[in-house]
Each structure stands twice: as C-alpha cells, then as structure tokens.
Amino acid sequence: MSCIFCQIAAKEIPSQLIYEDDELIAFYDIQPQAPVHFLVLPKKHIPRLTDMTDGDYPLIGKMARVATELAEKEGVSDGFRVAVNCGEQGGQTVWHVHMHVLGGRQLNGCLG
Ligand code: 5GP
Ligand code: ZN
C-alpha cells in the first residue's frame, strides 16, 4: 500500500490521531499552517473529491460533522476554515481525499 493516508489509517505509520470511528479518522497535520491544523478523512481510499461516487457523498457530511466537533474540542469553534484541495492545480499533494481544518489565527479571504 503506497498511500500514506491509508498507511496512517492502518496504523502502519504513526500520526497524532485525534478521532477515529469505523469510517473516518482525524489527525494533526505534520506541517501545520495554523496553531490548529488537522485533517479529517475517510478510511476508504478515494483519491480526489472528484472520484467520489453517490455512495461516498454521505462521508463528506460526516466529515463536516467530525470537523465541527473537533474544532469545538480544539477551542476554535468561533472561527476556522475547512478546505478540500482537489487535483494538482487545486494544491492537492496527497491523493487520498481529506478535509483540512485550520484555526487559532486570523485567516484571511485569499486561500493562495
Ligand atoms: P494537500 O496538499 O494534499 O491538500 O494536503 C496534504 C497535507 O498532508 C499537507 O498539509 C501535509 O502537511 C500533510 N501530510 C503529508 N504527509 C503527512 C504525514 O505523513 N503525516 C501527517 N500528519 N500529515 C501529512
Ligand atoms: Zn489512501
């Protein structure tokens, strides 16, 4: 298995896990871009948002719910950003769909 996020989900490589259930995991980003920066993703290997099929879309709703609950736990529920980079031009570097959750500093309009 060459996908790093599948390996994290399988506990084959370590991460700072902050959430796990039968379908999703969340862990802190290794190169945080904000005081709070974690990733929420499905255990199922889906490369990009655009690879999701009808049966996968409920996962996005669940990811949003977990992101919100964890943002609360991390103390950033007053304001945070959720981002999903899709494709090379969208800035995606790991080909396993994931939601970034960033907070703990002022985030401005431009995503870069
Ligand atoms: P993308 O650029 O694909 O939207 O985001 C990938 C994110 O995964 C980056 O923010 C990067 O820092 C993070 N990342 C890459 N490899 C690892 C890893 O091995 N462990 C953790 N915790 N984060 C990683
Ligand atoms: Zn994967």
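Residues numbered from 1 in each chain as written. Chains lettered and ligands numbered in written order. Predicted model: local features only at pLDDT ≥ 70, side-chain atom pairs only at ≥ 80, totals over all residues. Heavy atoms only, no water.

K.L.:
Would you take a moment to explain the overall build of the protein chain for this structure?
P.N.:
When helices and strands are tallied, the protein chain shows two helices and five strands. Reading the protein chain from its N end, one meets helices and strands in the order α-β-β-β-α-β-β. Computed over C-alpha atoms, the radius of gyration of the protein chain comes to 13 Å, within 12% of the 13 Å expected from 2.2 N^0.38 for 112 residues, which places it in the range of a compact globule. The buried share of the protein chain, reckoned over its 112 residues, is 38%. Here the protein chain displays about 6,700 Å² of accessible surface, and carbon together with sulfur accounts for 51% of that area. Across the protein chain, the centroid of the 9 positively charged side chains sits 1 Å from that of the 14 negatively charged ones. (Helix = DSSP H or I, 4+ residues; strand = E, 2+ residues; numbered from the N terminus. Rg over C-alpha atoms; globule rule 2.2 N^0.38 Å. Buried < 20%, exposed > 50% of the residue type's maximum accessible area, 1.4 Å probe, protein only. Areas by Shrake-Rupley, 256 points an atom, 1.4 Å probe, with all protein chains shown as cover. Lys, Arg positive; Asp, Glu negative; His and termini not counted. Charge placed at Lys NZ, Arg CZ, Asp CG, Glu CD.)

K.L.:
Would you mind going over the environment of P47 with me for this structure?
P.N.:
Note on placement: P47 falls in the loop between β3 (36-42) and α2 (57-73). Given a relative accessible area of 28%, P47 falls into the partly exposed group. Separated by 44 residues in the primary sequence, P47 and C3 place their C-alpha atoms 9.3 Å from one another. In this view, P47 contacts Q92, W95, H96 and V97; residues no more than four positions away in its chain are not counted. (Contact = heavy atoms within 4.5 Å.)

K.L.:
Even after reading the chapter, I still don't get the pattern of salt bridges, so can you show me in this structure?
P.N.:
Side-chain pairs of opposite charge can arise whenever the charged atoms involved come near each other. By the definition in use, this model includes eight salt bridges. Among the ionic pairs, E20 bridges to K11, the shortest N-O distance being 3.0 Å. For D21, the salt bridge goes to K62, with nearest N and O atoms at 3.2 Å. Separated by 41 residues along the polypeptide, D21 in the loop between β1 (17-20) and β2 (24-28) and K62 in helix α2 bring together distant segments of the chain. Given the relative accessible area of 16%, D21 is considered buried. Each of the salt bridges in this network shares a partner with another, and the network as a whole consists of D21, D22, E23 and K62. (Salt bridge = Lys/Arg side-chain N within 4 Å of Asp/Glu carboxyl O.)

K.L.:
What exactly am I supposed to notice about unusual backbone geometry here?
P.N.:
Leave glycine aside and you will find that most residues have negative phi; peptide bonds, for their part, are mostly trans. For K11, which is not a glycine, the phi torsion comes out positive at approximately 60°. Summarising the element assignment, K11 is placed in the loop between α1 (4-9) and β1.

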